[in-house]
Amino acid sequence: MSKHYKLLLYSLGINDRQLHALNRLVGKEPAAIKLAFIENAADVIPQSEGWVKAVRDSFRRKGYQVEPIDLRLFRNRSQQLRDKLSGKDVIWLGGGNTFYLRWILRASGADEIIRTLVSQGKVFSGWSAGAIVAGPTIEYFDSMDDPDDAPEVILEGLNLTNIIVIPHIDNADFIEGAHHTNMALQAAGYNTLPLGDEEVLVISGDDQRIIE
């Protein structure tokens, strides 16, 4: 993995300490940071509009320049998508269904674009499904998400890190599935990191740390 990769991966909550870590990764103040908000993981989640908007608005209130980008509109328009993402400081992927998110990343060509841009220094940030897809595989996450929500199941992750984030390890709604997924991945030889809903994994090259 390139020593230049910069990632901020988390489960759910986002607080001032975590945003400070994001600002440091980018090297700018919030008002100067342009975020591409990819929220498609929630496309297949019923009644998700409210919390999707709440997350987006929380970043805007902190002063970030947020632009939602719907990957469904960029199928067969990969050059336009590349141009749009190239103009951002942070590529941010939200939560929802991991299998659907991975499919739309492939269907739109965003997966290869994101890999290239992160290797060139763009910051990648994701929570829940958005954090999971940063790793090498999304296999075994059927204990937490329904693969049938994706038109095609693609198990390969984005390979931005060899760590697979297991989100919501302390969340009563997800804890059973999260532990099952974690055990299955470890048994298969993967490097996993269970994260609570307030914890964040920050990767800057070879430096990796958890903040909460």
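Above this note sits the structure.
We now turn to the structure provided with this report. What you see is a predicted model, and the numbers here were worked out from it, not measured in a lab. (Residues numbered from 1 in each chain as written. Predicted model: local features only at pLDDT ≥ 70, side-chain atom pairs only at ≥ 80, totals over all residues. Heavy atoms only, no water.)

## Re helix α7 (residues 175-187)
Working step 1: Here α7 spans 18 Å end to end across 13 residues, near enough to the 18 Å set by a 1.5 Å rise per residue.
Working step 2: Within α7, the full set of buried residues consists of G177, A178, T181, N182 and L185. Along the long axis of α7, the arc covered by the buried residues comes to 135°, so they all point the same way. With respect to the buried face of α7, the exposed residues turned more than 90 degrees away are E176, M183 and A187.
Working step 3: On its buried face, α7 is in contact with β6 (163-166) and β7 (191-194).
Working step 4: Phi turns positive, to about 95°, at G189, one or two residues after α7. (Helix = DSSP H or I, 4+ residues; strand = E, 2+ residues; numbered from the N terminus. Expected span 1.5 Å × (residues − 1). Buried < 20%, exposed > 50% of the residue type's maximum accessible area, 1.4 Å probe, protein only. Arc of directions from axis to C-beta. Contact = heavy atoms within 4.5 Å.)

## Some points on the packing of helix α3 (residues 78-86) against helix α5 (residues 110-119)
Working step 1: Interaxial distance between α3 and α5 falls to 10 Å at its minimum, and their mutual angle equals 35°. Every pair of crossing elements has a handedness; the one defined by α3 and α5 is right-handed. Where α3 abuts α5, its residues S78, L81, R82, L85 and S86 lie against A110, I113, I114 and L117.
Working step 2: Grouping the constituent residues of the contact of α3 with α5 by class yields 6 nonpolar, 2 polar and 1 charged. (Axes fitted to C-alpha atoms, helices over the stretch in contact; angles between N-to-C directions. Left-handed = near helix turned anticlockwise from the far one by under 90°. Nonpolar A, V, L, I, M, F, W, Y, C, P; charged D, E, K, R; others polar.)

## Some thoughts on the packing of aromatic side chains
We describe a pair of aromatic rings using the distance from one ring centre to the other and the angle between the two ring planes.
Working step 1: Here the structure, examined in full by the defined rule, presents 6 aromatic pairs.
Working step 2: Aromatic side chains F59 and W92 sit 5.9 Å apart centroid to centroid with 65° between the ring planes, which places their arrangement in the edge-to-face category. Taken as a pair, F59 in helix α2 (residues 49-61) and W92 in strand β4 (residues 90-93) lie far apart in primary sequence, 33 residues in all. For the pair formed by F59 and W92, the shared burial category is buried. (Phe/Tyr/Trp six-rings, centres within 6.5 Å; stacked < 30°, edge-to-face > 60°.)

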